[in-house]
Number of protein chains: 2
Amino acid sequence: MKDLPLIVIINDDGHEAKGLASLIEAAKGLGRILVVAPDGPRSGMSHAITMTVPLRVKKLVEEENFTFYKTNGTPVDCVKLAERVLLKDEKIDLLISGINHGSNSATSVLYSGTMAAAIEASFANVPALGFSLLSFDPDADFTYSIKVARKIIKNVLKEGLPERVSLNINIPYVDEKDCKGMKITRQAKGYWKEELVPYEDPHGGIYYWLTGSFVNLDNEEDTDEWALANNYVSIQPVQDDMTAHQHINELKKWEEEID
Amino acid sequence: MKDLPLIVIINDDGHEAKGLASLIEAAKGLGRILVVAPDGPRSGMSHAITMTVPLRVKKLVEEENFTFYKTNGTPVDCVKLAERVLLKDEKIDLLISGINHGSNSATSVLYSGTMAAAIEASFANVPALGFSLLSFDPDADFTYSIKVARKIIKNVLKEGLPERVSLNINIPYVDEKDCKGMKITRQAKGYWKEELVPYEDPHGGIYYWLTGSFVNLDNEEDTDEWALANNYVSIQPVQDDMTAHQHINELKKWEEEID
């Protein structure tokens, strides 16, 4: 069975999420599959790793070419556990993450556990894909997104990806007939504007739920936001260098000025 | 007192960390200070936000031009609470984060709660600085790093920063006389190689602690790793666009191919 490609599947909505079952379905038959999923919701966990409590893993399913574990960790912990504990450094041919319940376009890529898992895998030069469907409904219809994911998975298994690059794939929540195709995009510039409404508990204590809405500052036609608003699947190639290269020269004067 | 600049201070090691007290000391007298710190260690929390439990804030100190809150949230939650709840959208003149106990150079910027707080503030065009000292010792000597931080804080209060750019400042743990100055740097390419050693609990259960070492793949003289290894303070300008722009054209063919 060693000839089949080794596919690792991660998510951030937890091992019981419909989006995870959908991604497993999308990859079925394409390789030996190892699923490592958090034991509950880990949305908005970004690239967090668990340092203050120990990690545990529990095997839930073992069948031919299909093994499924849950863990108390974050999505990035799941990747590290897969690589180092469960696979003992066996080479992973493809890591796929999702399908996330809700968009991870634009600035959301920074908050996303789904995409952090893909980026983490790309550090080891594993081709990695994060999938998100533009519906937060836990019971959303994933039929079309499964077809899209399977097409892209097959393509990446065949063609690979550039070194240390992962793909952030967002899928509009529309009928298949209304989807206009795929666009290679860049991350739109924007930010999340929070609403932190105060609540009062029965003992008089005040608490807040974090919620907000995305403010888009960037409507160019090459952005992920534009593609999604126009019913295209958005495919953003992602890398991990956060340096503001364009400002290095203007800041060079500080080397003398501050010292 | 409205004429004094408004300075918000965040960290990820928690409200009792020596590094936080050190950063407060570095900023003392330079403005009205609001501290919002997690109620315990939040290392490695990256850009995580809290979505499954409500957020609470508690005022610990209120003096003239100095207010100090703790919260159960992540470093990024602290920024959002400061902006939206505690300051009710009053314009922040400077956000500073740290001083972190341990390096946040190279790929660590992606895992860092310290830097995530700075990046979050930069979304609202607040000049933002993350400081890290290259010692994990909870009782490290911050004397020199306080001097460095104060110099840089003063400079940024005077000159500002480019729009939507924050600075990732790493300070070598050496005597002042051995520090060679400041370097504007870029993020070195590398990755964290984990060691997940199995432990057994008294009931026979197996668990793992996440730990690892950084593998540097990039020793060029313009990197943060080179600067720190050569006893320079590293100042990396950071932005939030994670798009792999250099690969957009080669991937464009997929738009037809996959569809």
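Residues numbered from 1 in each chain as written. Chains lettered and ligands numbered in written order. Predicted model: local features only at pLDDT ≥ 70, side-chain atom pairs only at ≥ 80, totals over all residues.

J.: I'm lost on the relation of the copies chain B and chain A in this one. Help?
T.: Both copies of the chain are placed relative to one another by a rotation about an axis and a shift along it. It takes a turn of 180° to lay chain B on chain A, together with a shift of 0.0 Å along the axis; the resulting RMSD is 0.0 Å. Read as a symmetry element, the transformation amounts to a two-fold axis. By residue overlap, the copies meet face to face through one surface: 100% of the interface positions of chain B are interface positions in chain A. (Least-squares fit on C-alpha atoms with pLDDT ≥ 70 in both. Contact = placed C-beta atoms within 7 Å.)

J.: In this structure, what is going on with the interface of chain B and chain A? I would like to understand it.
T.: Accessible area lost when the parts come together is the quantity often used to give the size of an interface. Every contact between the two is made by 65 residues of chain B and, on the other side, 65 residues of chain A. Looking at the side of chain B that touches chain A residue by residue, the classes come out as 35 nonpolar, 16 polar and 14 charged. (Nonpolar A, V, L, I, M, F, W, Y, C, P; charged D, E, K, R; others polar.)

J.: What exactly am I supposed to notice about helix 4 (residues 143-159) of chain A here?
T.: For an α-helix, the turn length of 3.6 residues means that residues three or four places apart are oriented alike. Residues and elements named next belong to chain A. Between its terminal C-alpha atoms helix 4 stretches 25 Å, which fits the 24 Å expected from 17 residues at 1.5 Å a residue. Of all the positions in helix 4, only Ser-145, Ile-146, Val-148, Ala-149, Ile-152 and Ile-153 are classed as buried. For helix 4, the angular spread of buried residues about the axis comes to 160°, placing them on one side. More than 90 degrees from the buried face of helix 4, the exposed residues found are Thr-143 and Lys-158. Those residues of helix 4 that are buried lie in contact with helix 1 (18-27), strand 5 (94-101), strand 6 (128-133), strand 7 (166-171) and strand 11 (233-238). Count one or two residues on from helix 4 and you reach Gly-160, which has phi positive near 70°. (Helix = DSSP H or I, 4+ residues; strand = E, 2+ residues; numbered from the N terminus. Expected span 1.5 Å × (residues − 1). Buried ≥ 20, exposed ≤ 12 C-beta atoms within 10 Å, placed from the backbone. Arc of directions from axis to C-beta.)

J.: What exactly am I supposed to notice about unusual backbone geometry here?
T.: Most peptide bonds adopt trans geometry, and most residues besides glycine take a negative phi value. Residue Ile99(A) is bonded to the preceding Gly98(A) through a cis peptide linkage, with omega at -10°. Examined against the element boundaries, Ile99(A) turns out to sit in strand 5. In this structure, Lys88(B) is a non-glycine residue whose phi angle is positive, near 45°. The residue Lys88(B) is located in the loop between helix 2 (75-86) and strand 5 (94-101) in this model. Accessibility expressed as a C-beta count within 10 Å gives 7 for Lys88(B), which makes it exposed. In this model, Ala106(B) sits at a positive phi of 50°, which is unusual for a non-glycine residue. If you trace the backbone, Ala106(B) turns up in the loop between strand 5 and helix 3 (113-122). Owing to 28 C-beta atoms within 10 Å, Ala106(B) belongs among the buried residues under this scheme.

J.: How do you make sense of the confidence of the model for chain A when you look at a structure like this?
T.: Where the model shows low pLDDT, its predicted coordinates should not be examined in detail. Overall, the prediction assigns chain A a mean pLDDT of 95, with 99% of residues at 70 or greater. This complex was scored by the predictor with a pTM of 0.96 and an ipTM of 0.94. (pLDDT = per-residue confidence, 0-100.)

J.: It is not clear to me how the nonpolar core should be interpreted in this structure. Could you clarify?
T.: Grouped burial of nonpolar side chains is what soluble globular proteins tend to show. In this structure, Leu95(A) and Leu95(B) are the most contacted members of the largest nonpolar core, which totals 146 residues. Beyond its immediate sequence surroundings of up to four residues, Leu95(A) is in contact with Val8(A), Ile10(A), Val79(A), Ala118(A), Ala121(A), Val126(A) and Ala128(A). (Core = buried A, V, L, I, M, F, W, Y, C linked by C-beta atoms within 7 Å.)

J.: What should I look at first to understand the environment of Ile7(A) in this one?
T.: Residue and element names in this part refer to chain A. Topologically, Ile-7 is positioned in strand 1 (residues 6-10). Separated by 233 residues in the primary sequence, Ile-7 and Asp-240 have C-alpha atoms spaced 22 Å apart. Once residues within four sequence positions are removed from consideration, Ile-7 is found in contact with Ala-27, Leu-30, Gly-31, Arg-32, Ile-33, Asp-93, Leu-94 and Ile-96.

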